[in-house]
Amino acid sequence: MASSQFFIILAILAIVTPSILATDFIVGDDKGWTNTVDYQAWAQGKLFYVGDNLVFNYPEGAHNVLKVNGTGFQECAAPAGTVALTSGQDVINLATPGRKWYICGVSKHCEVGPQKLFITVMPASFAPSPSPSTSAATTSAVNGARYGLILFWFRILVMGSSQLFIILATLAIAAPLTLATDYVVGDDKGWTTNFDYQAWARGKMFVVGDNLVFHYPEGVHNVLKVNGTGFQQCAAPASTAPLTSGHDVITLATPGRKWYICGAPNHCAVGGQKLAITVMPSSFAPSPSPLSAKYVASSPSPTSGC
């Protein structure tokens, strides 16, 4: 009985969920798409899924929207032939998972504003939600609803099987402890200048409990945790203590956006030595060890939490 219920539930979710639970995110909320908003701060804490839409609202003729790659995002430049969206109410459907980058191509809006946005889009199977308003509070509630929907169906499934319930409960407790992944930032290049860390992060799924490992020659670089504004400006508050061991391990202890830069002179601003990632809740971990991490450390001891 439990087996047949399981497949019925999966079939229902596979057919119904993607079509009814897409979310429309108005970029910048009531501020819209402009050159005076910190869009990385706006995106912090939001979960974007395949099937969701980004809505860019702006006065027609004042701005535009260009889809670029990680390098184009860093350099505020789009390849020749890139077609700009210019309607003033551009809707972009997030049709595939992975990193997505958007900039304004008008004048110096990207460089000076900075009018640019990057997000990580998760597969639709990772619990999409009902369409919310775009306020931060509502978005948080929506993300809870996504997870709650899955729990609801699984509770129905296990209602008649105490053994299956015990197994699922055990896995829920044990999985985050046993399935953590160690990501060596930059792989064999390590933590250095003139390396595209956003391209490195593309396609990787970072989950609570995972570790970031920063390898570099001691005394040459360091690691500073900053916020979205500090990431854009390559600046950290005066009281921020850098990590300097040359083998810094940061445990991703909470979900959300995380930003890291090198505080050595001009390494961030000129050398592009900075990294931004989105950390998912441990309940979203899809597998024991993400295959996208080609280089994995051998269980170093974390030196700092994040």
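About the thresholds
- Residues numbered from 1 in each chain as written.
- Predicted model: local features only at pLDDT ≥ 70, side-chain atom pairs only at ≥ 80, totals over all residues.
- Heavy atoms only, no water.
- Phe/Tyr/Trp six-rings, centres within 6.5 Å; stacked < 30°, edge-to-face > 60°.
- Helix = DSSP H or I, 4+ residues; strand = E, 2+ residues; numbered from the N terminus.
- Lys NZ or Arg CZ within 6 Å of the ring centre and 35° of its normal.
- Buried < 20%, exposed > 50% of the residue type's maximum accessible area, 1.4 Å probe, protein only.
- Lys, Arg positive; Asp, Glu negative; His and termini not counted.
- Salt bridge = Lys/Arg side-chain N within 4 Å of Asp/Glu carboxyl O.
- Polar contact = N/O pair within 3.5 Å; in protein donor to acceptor, adjacent residues only side chain to side chain.
- Contact = heavy atoms within 4.5 Å.
- Disulfide = S-S within 2.5 Å.
- Core = buried A, V, L, I, M, F, W, Y, C linked by side-chain atoms within 4.5 Å.
- Pairing = 2+ DSSP bridges.
- pLDDT = per-residue confidence, 0-100.

A few points about the packing of aromatic side chains
So, point 1. All chains considered together, the criterion is met by 12 aromatic pairs.
So, point 2. A ring pair is formed by Phe73 and Phe118, whose centres lie 5.3 Å apart and whose planes are at 85 degrees; its orientation type is edge-to-face. Taken together, the residues span a long stretch of sequence, with Phe73 in helix α3 (residues 70–75) and Phe118 in strand β7 (residues 116–122) at a distance of 45 residues.
So, point 3. Here the aromatic residues Trp191, Phe195, Tyr197, Phe214 and Tyr260 are joined through ring pairs into a cluster of three or more.
So, point 4. In this structure, Lys116 is placed above the aromatic ring of Phe73, and the distance from its NZ or CZ to the ring centre is 4.6 Å.
So, point 5. The ring of Phe231 carries Lys274 above its face, with NZ or CZ at 4.7 Å from the centroid.

Details of the side chain of Lys116
So, point 1. Along the chain, Lys116 falls in strand β7.
So, point 2. As a buried residue without a salt bridge, Lys116 has its nearest oppositely charged side chain in Glu111, at a separation of 8.1 Å.
So, point 3. Engagement of the side chain of Lys116 in a polar contact is seen with the backbone oxygen of Phe73, the distance being 3.1 Å.
So, point 4. Once residues lying within four places of it in the same chain are set aside, the contact partners of Lys116 are Trp33, Tyr39, Gln40, Phe73, Gln74, Cys76, Tyr102, Ile103, Cys110 and Gln232.

A look at unusual backbone geometry
So, point 1. Of note, the bond from Gly113 into Pro114 is cis; its omega dihedral lies within 30 degrees of zero at -10 degrees.
So, point 2. Along the chain, Pro114 falls in the loop between α4 (109–112) and β7.
So, point 3. We note that Cys234 has phi near 55 degrees; this positive angle belongs to a residue other than glycine.
So, point 4. Take Cys234: it is sitting in the loop between α8 (228–233) and β12 (247–251).

Some remarks on the state of the cysteines
So, point 1. Evaluation of the coordinates by the stated rule reveals two disulfides.
So, point 2. Across the disulfide, Cys234 is cross-linked to Cys268 (sulfur-sulfur distance 2.1 Å). Looking down the S-S bond of the Cys234 and Cys268 bridge, the torsion is -70 degrees, so its handedness is left-handed. Taken together, the residues span a long stretch of sequence, with Cys234 in the loop between α8 and β12 and Cys268 in the loop between β13 (256–261) and β14 (274–280) at a distance of 34 residues.
So, point 3. Assessed through its relative accessible area of 3%, Cys268 is described here as buried.

Regarding the nonpolar core
So, point 1. Residues Trp191, Phe206, Leu212, Phe214 and Leu275 are the most contacted members of the largest nonpolar core, which totals 21 residues.
So, point 2. Broken down by secondary-structure element, the contributors of at least two residues to this core are α7 (197–201), β10 (211–215) and β14.
So, point 3. The contact partners of Leu275, leaving out residues within four places of it in the chain, are Val185, Trp191, Tyr197, Gln198, Trp200, Ala201, Leu212, Phe214, Phe231, Lys258, Trp259 and Tyr260.
So, point 4. Trp42, Phe48, Val65 and Ile92 belong to the second-largest nonpolar core, a separate cluster that totals 19 residues.

Some details on the environment of Leu66
So, point 1. Mapped onto the fold, Leu66 is located in strand β4 (residues 66–68).
So, point 2. C-alpha separation for the pair Leu66 and Gly105, spaced 39 residues apart in sequence, amounts to 6.4 Å.
So, point 3. Non-local contacts of Leu66, meaning those with residues more than four positions away in its chain, are made with Ala78, Thr82, Val83, Ala84, Trp101, Tyr102, Ile103 and Gly105.

Quick look at the sheet that holds strand β6 (residues 98–103)
So, point 1. The strand order across the open sheet formed by four strands is β2-β7-β6-β4, and the pairing between neighbours is mixed. Here the strands that pair on one side only, and so sit at the sheet edges, are β2 (48–49) and β4.

Comments concerning the sheet that holds strand β9 (residues 206–207)
So, point 1. Within the open sheet, the four strands sit side by side as β9-β14-β13-β11. Their pairing is mixed. With one partner strand each, in any of the chains shown, β9 and β11 (224–226) form the two edges of the open sheet.
So, point 2. Here β9 runs beside β14; their pairing, made up of two bridges, is parallel. Bridge pairing in β14 places Phe206 opposite Val279.

Quick look at the confidence of the model for the protein
Predicted coordinates in regions of low pLDDT should not be interpreted in detail.
So, point 1. For the protein, per-residue confidence averages 78 on the pLDDT scale, and residues scoring 70 or more make up 67% of the total.
So, point 2. Predicted confidence for residues 14–20 stays below pLDDT 50, and this span has three contacts to residues more than four positions away or in other chains.
So, point 3. Scored below 50 in pLDDT, residues 174–178 makes two contacts in the model with residues more than four places away or belonging to other chains.

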